[in-house]
Amino acid sequence: GNGKTHLGVAILREVITAGYKGRYVRAYDLFKAIKESWNSIGAKRGESEAAADFTKPDLLVLDEVGVQFNTDTERTLLFQVIDTRYNDSLPTVVISNLPKPAADKQRDLAGNDWEPRRNPKDLEDAMGFRSYDRLTENGGQILVFKGESFRRNPNPDQITAPAAGLQETSWQA
């Protein structure tokens, strides 16, 4: 309610206007599209073809990360998309209401969080360590939006612009 999706779509619009290919998708729709390819009865295309919808565009805007079942399968599918885009040096914008992980987060030797992720506490929990690590490598930018929700205020003219509460931070994993 304070402009995250609006900003992501505005970035995407500029990229498309400049002649590049872009894609906006909610995380749960990404998982649904790929999982539907697993249905051998009536499936029109395979998993690789379904995943290409998200790995090939010049820019992917992935919204509502954390609003999914948070299963190992979903984290694996997300990793496949993020890792492919990472290896092809393609930018990805991730939008979520979850916070970034604490700097002192406990992990095992493989980099995994020590706690179960069914109820993610942060963006890394929802995405998985490897996906999050790739997106934040070399100072990947995390923008934290602070401010009132436009959806909850009966008089939207009196809301402080979210950009005024926007903090840009450089995050090193």
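For the structure, check the block above.
Rules behind the numbers
- Residues numbered from 1 in each chain as written.
- Predicted model: local features only at pLDDT ≥ 70, side-chain atom pairs only at ≥ 80, totals over all residues.
- Heavy atoms only, no water.
- Core = buried A, V, L, I, M, F, W, Y, C linked by side-chain atoms within 4.5 Å.
- Buried < 20%, exposed > 50% of the residue type's maximum accessible area, 1.4 Å probe, protein only.
- Helix = DSSP H or I, 4+ residues; strand = E, 2+ residues; numbered from the N terminus.
- Contact = heavy atoms within 4.5 Å.
- Expected span 1.5 Å × (residues − 1).
- 1 Å grid on protein atoms, 1.4 Å probe; cavity = no way out; pocket = protein on both sides within 12 Å on 5 of 7 lines; lining within 4 Å.
- Points joined across faces, edges and corners; volume = space filled by probe spheres on them.
- Nonpolar A, V, L, I, M, F, W, Y, C, P; charged D, E, K, R; others polar.
- Phe/Tyr/Trp six-rings, centres within 6.5 Å; stacked < 30°, edge-to-face > 60°.
- Lys NZ or Arg CZ within 6 Å of the ring centre and 35° of its normal.
- Arc of directions from axis to C-beta.

1. Focus: the nonpolar core
For soluble globular proteins, the rule of thumb is that nonpolar side chains tend to be buried together. With 20 residues, the main nonpolar core has Leu30, Ile34, Phe54, Leu62, Val65 and Met127 as its most contacted residues. Breaking this core down by element, the ones donating at least two residues are helix 2 (27–36), helix 3 (47–55), strand 2 (59–63), helix 4 (72–87) and helix 5 (123–127). Apart from the residues within four sequence positions on either side, valine 65 is in contact with Ala27, Val94, Ile95, Ser96, Leu98, Leu123, Ala126 and Met127.

2. Looking at helix 4
If you check helix 4, its first and last C-alpha atoms are 22 Å apart, about what 16 residues at 1.5 Å a residue would give, namely 22 Å. Among the residues of helix 4, Glu74, Arg75, Leu77, Leu78, Val81, Ile82, Asp83 and Arg85 are the ones counted as buried. Against the buried residues of helix 4 lie helix 2, helix 3, strand 2, strand 3 (92–94), helix 5 and helix 6 (129–136). Positive phi shows up at serine 89, right after helix 4, with a value of about 55°.

3. Quick look at the layout of surface pockets
Counted as a void, the largest pocket has a volume near 1200 Å³. Along the walls of the largest pocket sit 42 residues, with Val93, Val94, Ile95, Ser96 and Leu143 positioned nearest its centre. Counting only elements with at least two residues in the lining of the largest pocket, the list comes to helix 1 (4–17), helix 4, strand 3, helix 5, helix 6 and strand 4 (141–144). Considering each element in turn, the lining of the largest pocket owes the most residues, 6 residues, to helix 1. Taken together, the residues that form the lining of the largest pocket break down as 19 nonpolar, 14 polar and 9 charged.

4. A closer look at the packing of aromatic side chains
The full count for this structure, using the stated rule, is 0 aromatic pairs. Sitting above the plane of the tyrosine 86 ring, arginine 134 keeps its charged end 5.6 Å from the centroid.

5. A few points about helix 3
Among all positions in helix 3, only Ala50, Ala51, Phe54 and Thr55 are buried. Along the axis of helix 3, the buried positions cluster into a sector of 140°, meaning they face one direction only. On its buried face, helix 3 sits against strand 1 (22–26), helix 2, strand 2 and helix 4.

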